Amino acid sequence: MTTTVKEGKVELLKKKLGKKWVEMYIRLTPGSVHLYEDGMIKPPTKLIDIEKATIDKNPEGIGKSFCFGISIENNNYMFAAENDADQINWVEALNKCVGHEPTPPPGWDAQGSPSSSSGGGGEGR
């Protein structure tokens, strides 16, 4: 069984949508962030491997309160929490999960993609 360290609603900066903030539900497990568009009703739409990530509490140039970022090689993910306390909790939880092997959700393979036998949707990486 996958250990959940923290889960909840945050906003994600979607650059493909012209830098638009969208509400997402995320589930944090050791080594992974699971992104859901519809709560946890459907399989996650994306799995972020944070084994070698850097966590930033206040990314510069975002222009939004309570932001935190995840940087992995050339990929940057920007999130916004609901308040200061929630931002601190997310950053602390993320820092605890960095350095662990990724934990794929049920029905996903170790490469972060829905396994063909699960029938689950999602874009993977």
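Some thoughts on unusual backbone geometry
Peptide bonds are mostly trans, and most non-glycine residues show a negative phi. The backbone of Phe66 sits at a positive phi, close to 60°, despite the residue not being glycine. Along the chain, Phe66 turns up in the loop between strand S5 (54-56) and strand S6 (67-72). Phe66 gets classed as partly exposed once you look at its relative accessible area, which sits at 31%. Of note in the backbone geometry, Glu73 takes a positive phi value of approximately 50° without being a glycine. With respect to the secondary-structure elements, Glu73 resides in the loop between S6 and strand S7 (75-80).

Focus on the confidence of the model for the protein chain
Of all residues in the protein chain, 80% attain a pLDDT of 70 or more, and the chain-wide mean is 82. Taken element by element, the predicted model of the protein chain shows its lowest mean pLDDT in strand S4 (residues 46-49) (90) and its highest in helix H1 (residues 84-97) (95). Contacts of residues 117-125 to residues separated by more than four positions or lying in other chains number 25 contacts, the stretch itself having pLDDT below 50.

Here's the deal with the nonpolar core
In terms of nonpolar packing, the biggest core is built from 23 residues, with Val33, Ile50, Ile70 and Phe79 touching the most fellow members. Among the elements of the structure, strand S1 (6-14), strand S2 (20-29), strand S3 (32-36), S6, S7 and H1 are those that each provide at least two residues to this core. Considering each element in turn, this core owes the most residues, five residues, to H1. In this structure Ile50 touches Leu28, Gly31, Ser32, Val33, Ile70, Ile72, Leu94, Cys97, Val98 and Gly99, once residues within four positions along its chain are discounted.

A closer look at H1
Compared with the 20 Å implied by 1.5 Å per residue over 14 residues, the 20 Å span of H1 between its first and last C-alpha is a close match. Taken residue by residue, H1 has Asp86, Gln87, Trp90, Val91, Ala93, Leu94 and Cys97 as its buried positions. Mapping the buried residues of H1 onto a view down its axis gives an arc of 165°, with all of them on the same face. The residue sitting at the N-terminus of H1 and contributing the capping side-chain oxygen is Asn83; that oxygen lies 3.2 Å from the backbone nitrogen of Ala85.

What to know about the pairing of S2
Among the 10 residues that make up S2, eight are buried, leaving the element largely enclosed by the rest of the structure. With nine bridges joining them, S1 and S2 adopt antiparallel strand pairing. When the sheet's bridge partners are listed, Gly8 is paired in S2 with Ile26. Direction of pairing for S2 relative to S3: antiparallel, over a ladder of five bridges. Looking at S3, one finds that Leu28 is bridged to Val33.

Some words on the environment of Val98
Secondary-structure assignment places Val98 in the segment after H1. A relative accessible area of 22% means that Val98 is categorised as partly exposed. Dropping the residues within four chain positions of it, Val98 is found in contact with Ile50, Glu51, Ala53 and Ile55.

The rules we used
- Residues numbered from 1 in each chain as written.
- Predicted model: local features only at pLDDT ≥ 70, side-chain atom pairs only at ≥ 80, totals over all residues.
- Heavy atoms only, no water.
- Helix = DSSP H or I, 4+ residues; strand = E, 2+ residues; numbered from the N terminus.
- Buried < 20%, exposed > 50% of the residue type's maximum accessible area, 1.4 Å probe, protein only.
- pLDDT = per-residue confidence, 0-100.
- Contact = heavy atoms within 4.5 Å.
- Core = buried A, V, L, I, M, F, W, Y, C linked by side-chain atoms within 4.5 Å.
- Expected span 1.5 Å × (residues − 1).
- Arc of directions from axis to C-beta.
- Polar contact = N/O pair within 3.5 Å; in protein donor to acceptor, adjacent residues only side chain to side chain.
- Pairing = 2+ DSSP bridges.

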